[in-house]
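Residues per chain are reported as follows:
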Amino acid sequence: MDFLREDLLMKQSVFETEIFSHSLSLKNAGVRISCDRLALPKIEWLLPSGELLWASDDADSFRRLHFLSLRSSGLFKNPEEGISLLEHLAPVFLLYPQMRFKVQALSGELPLLDGSAYPWYEAVRSLAGIPQELAFYDVPLRERLEFENGFWEISPSETLEVEYSISHSAFSDSAYCAIYDAEDLVKIFPARTFIFEEDLAKAQTAGLLSGVDAHSGLLLSERNGEACALVGAPFRQKNEPAMHKILDLIGDLSLPLPFLPKLKIRIHNGGHIAHRKLLERLLDYAFGNSSQVE
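Structural notes, computed from the coordinates. Note that this is a predicted model, so its numbers are computed, not measured. (Residues numbered from 1 in each chain as written. Predicted model: local features only at pLDDT ≥ 70, side-chain atom pairs only at ≥ 80, totals over all residues. Heavy atoms only, no water.)

We now examine the pairing of strand β16 (residues 226–231). The sheet contact formed by strand β15 (residues 218–223) and β16 spans five bridges and is antiparallel. From the neighbouring strand, S221 faces β16, where its bridge partner is C228. Adjacent in sequence and paired antiparallel, β15 and β16 are bridged by two residues, among which N224 carries a positive phi angle near 55°. (Pairing = 2+ DSSP bridges. Helix = DSSP H or I, 4+ residues; strand = E, 2+ residues; numbered from the N terminus.)

Bringing the sheet that holds β15 into the picture now. Sheet architecture is open: three strands sit in the order β14-β15-β16, paired in mixed fashion. Since the sheet does not close on itself, it has two edges, and those belong to β14 (194–196) and β16, each with one partner. Pairwise comparison of adjacent strand axes, ignoring direction, gives a mean angle of 40° for this sheet. Looking at chain direction, β14 and β15 are connected through three bridges and run parallel. (Axes fitted to C-alpha atoms, helices over the stretch in contact; angles between N-to-C directions.)

Locating S254 in the fold gives a position in the loop between α6 (240–253) and β17 (260–268). In this structure, S254 is in contact with A90, P91 and L94, ignoring residues within four places of it in sequence. Within the structure, S254 has its side chain in polar contact with the backbone oxygen of I250 (distance 2.9 Å). (Contact = heavy atoms within 4.5 Å. Polar contact = N/O pair within 3.5 Å; in protein donor to acceptor, adjacent residues only side chain to side chain.)

Let's shift gears to unusual backbone geometry. Cis geometry marks the peptide bond from A233 to P234, where omega comes out at 0°. Locating P234 in the fold gives a position in the loop between β16 and α6. The phi angle at L85 is positive, at roughly 65°, despite the residue not being glycine. Backbone geometry places S169, a non-glycine residue, at a positive phi of 55°. Mapped onto the secondary structure, S169 falls in the loop between β12 (160–168) and β13 (171–179).

Here is the structure:
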């Protein structure tokens, strides 16, 4: 019987899991992820109704969506039909550019889990196996965009390089990474989302973030120019807040399809809206190179 069971598992090509946790505003958000290891590569994102929101092989389906940011990335067909909290799951699919995934949201927000991408990585790896070689596309752009309290600037590179800096009152943090392979990417995944205590109080007074709890990430307090973790200590890695901003950026840039731009990106005090403006400059290159990625 053991040999028969192993033989059946070897012939199986579709693997599926369901994940539930709190989200930003929900106490029980859920998602169903399936992976077909033998089908042609594609990522389909489905609404709780089962209707397709967008697919990675259909540029028009992505371009038609409306972007909304309320401390997360959300993509919507209309005000009632959409999915939020995409940025922590999306970068994990970068590790599997040659596989077929179907992601069905079971609620309007994806689970927040611990506020990082690492639990998502563990779940997807259990379905898809060993990570594959990353896929990149060329972007021949040199541009700078300034916005309130910050900027981003981009230039061509041999891979994806990110210099990310943030400031909050007297606190500042910065981090750098260069992504060449799966190992470089996975190193960023444990970095957790964060919020300063005064910002949390303001958000909850406004009726936001009602789903978060002590396991949602880092709750920070700024003291003498240093960030102290009131919840979530100790930090998982050096410069964890800035590293999480890099994770958010990579997640936002990989929403349409699981490829990375060959760019050097310098960004200060960015957020999902700034990331979206950058993504809009990249879409033609991403979809234009999607059949010839390296």
